[in-house]
Amino acid sequence: MCLGIPGQIVAVTDAARMMAMADVSGVRREVNVACVAEGALEDLVGKWVLVHVGFAMALIDEEEAAKTLEALHDLGEAQETLAQMAEGAAALEGRA
């Protein structure tokens, strides 16, 4: 099953590569925003996106993001994905 999880874009990290930092339930991950970029990448900061395997696949509104995160948490579906993202972030920072 393919899981897209809501994340909020918090910063542009590499405009040339179309990369931005997304906060997914407190875990930050760099994602490619080419699929959702329509103008200046800075305009994406603060927006909510569906993230799947390192790509922001679609723009969503904050209400939809909250409902989706709640449903995923209720189902337990998000826990494994968030744990994997946290482990990856820790490894990149040398904490693993």
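Reading the values: the criteria
- Residues numbered from 1 in each chain as written.
- Predicted model: local features only at pLDDT ≥ 70, side-chain atom pairs only at ≥ 80, totals over all residues.
- Heavy atoms only, no water.
- Helix = DSSP H or I, 4+ residues; strand = E, 2+ residues; numbered from the N terminus.
- Rg over C-alpha atoms; globule rule 2.2 N^0.38 Å.
- Buried < 20%, exposed > 50% of the residue type's maximum accessible area, 1.4 Å probe, protein only.
- Salt bridge = Lys/Arg side-chain N within 4 Å of Asp/Glu carboxyl O.
- Expected span 1.5 Å × (residues − 1).
- Arc of directions from axis to C-beta.
- Polar contact = N/O pair within 3.5 Å; in protein donor to acceptor, adjacent residues only side chain to side chain.
- Pairing = 2+ DSSP bridges.
- Patch = residues over 30% accessible without salt bridge, like charges linked within 9 Å, V, L, I, M, F, W, Y side chains within 5 Å.
- Areas by Shrake-Rupley, 256 points an atom, 1.4 Å probe, with all protein chains shown as cover.

1. What to know about the overall build of the protein
And step 1. Helix and strand counts for the protein come out as two helices and five strands.
And step 2. Ordered by position in the sequence, the α and β elements of the protein form the string β-β-β-β-β-α-α.
And step 3. Against the globule reference of 12 Å for 96 residues, the protein gives a C-alpha radius of gyration of 13 Å, in line with a compact fold.
And step 4. Counting only C-alpha atoms, the protein reaches 35 × 35 × 20 Å along its principal axes.
And step 5. Burial statistics for the protein: of 96 residues in total, 31% are counted as buried.

2. Quick notes on the pattern of salt bridges
And step 1. Going through the model one piece at a time under the given rule, you end up with three salt bridges.
And step 2. Its salt-bridge partner being aspartate 14, residue arginine 17 comes within 3.3 Å of it at the nearest N-O pair.
And step 3. Note that arginine 28 and aspartate 23 form a salt bridge whose closest N and O atoms lie 3.6 Å from each other.

3. Topic: helix 1 (residues 62-75)
And step 1. Taking 1.5 Å of rise per residue, 14 residues should cover 20 Å, and helix 1 covers 20 Å from first to last C-alpha, within 8% of that figure.
And step 2. Those residues of helix 1 lying buried are Ala65, Leu69 and Leu72. Relative to the axis of helix 1, the buried residues are bounded by an arc of 65 degrees and lie together on one face. Exposed and oriented more than 90 degrees from the buried face of helix 1 are Glu63, Lys67, Glu70, Asp74 and Leu75.
And step 3. Capping of helix 1 at its N-terminal end is provided by aspartate 61; its side-chain oxygen lies 3.2 Å from the backbone amide nitrogen of glutamate 63.
And step 4. At the exit of helix 1 stands glycine 76, carrying a positive phi of roughly 80 degrees.

4. Things to note about the pairing of strand 1 (residues 5-14)
And step 1. Here strand 1 runs beside strand 4 (residues 48-52); their pairing, made up of four bridges, is antiparallel. In the strand pairing of strand 4, isoleucine 5 is matched with valine 51.
And step 2. Where strand 1 and strand 2 (residues 19-24) come together, five bridges link them in antiparallel fashion. If you follow alanine 11 over to strand 2, its bridge partner there is methionine 21.
And step 3. The hairpin formed by strand 1 and strand 2 contains four residues between the paired strands, and methionine 18 there has a positive phi angle of roughly 60 degrees.

5. Observations regarding a nonpolar patch on the surface
And step 1. Judged by side-chain polarity, Val53, Phe55 and Met57 come together as a nonpolar surface patch covering roughly 300 Å² of accessible area.
And step 2. Its location among the elements puts phenylalanine 55 in strand 5 (residues 55-60).
And step 3. On the basis of relative accessible area, phenylalanine 55 is assigned to the partly exposed category, the value being 37%.

6. Regarding unusual backbone geometry
Negative phi characterises most residues that are not glycine, and trans characterises most peptide bonds.
And step 1. Phi is positive for methionine 18, which is not a glycine, with a value near 60 degrees.
And step 2. Secondary-structure assignment places methionine 18 in the loop between strand 1 and strand 2.
And step 3. Methionine 18 sits in the partly exposed class, given a relative accessible area of 27%.
And step 4. Unlike most non-glycine residues, valine 53 shows phi in positive territory, near 40 degrees.
And step 5. Tracing the backbone through its elements, the reader meets valine 53 in the loop between strand 4 and strand 5.

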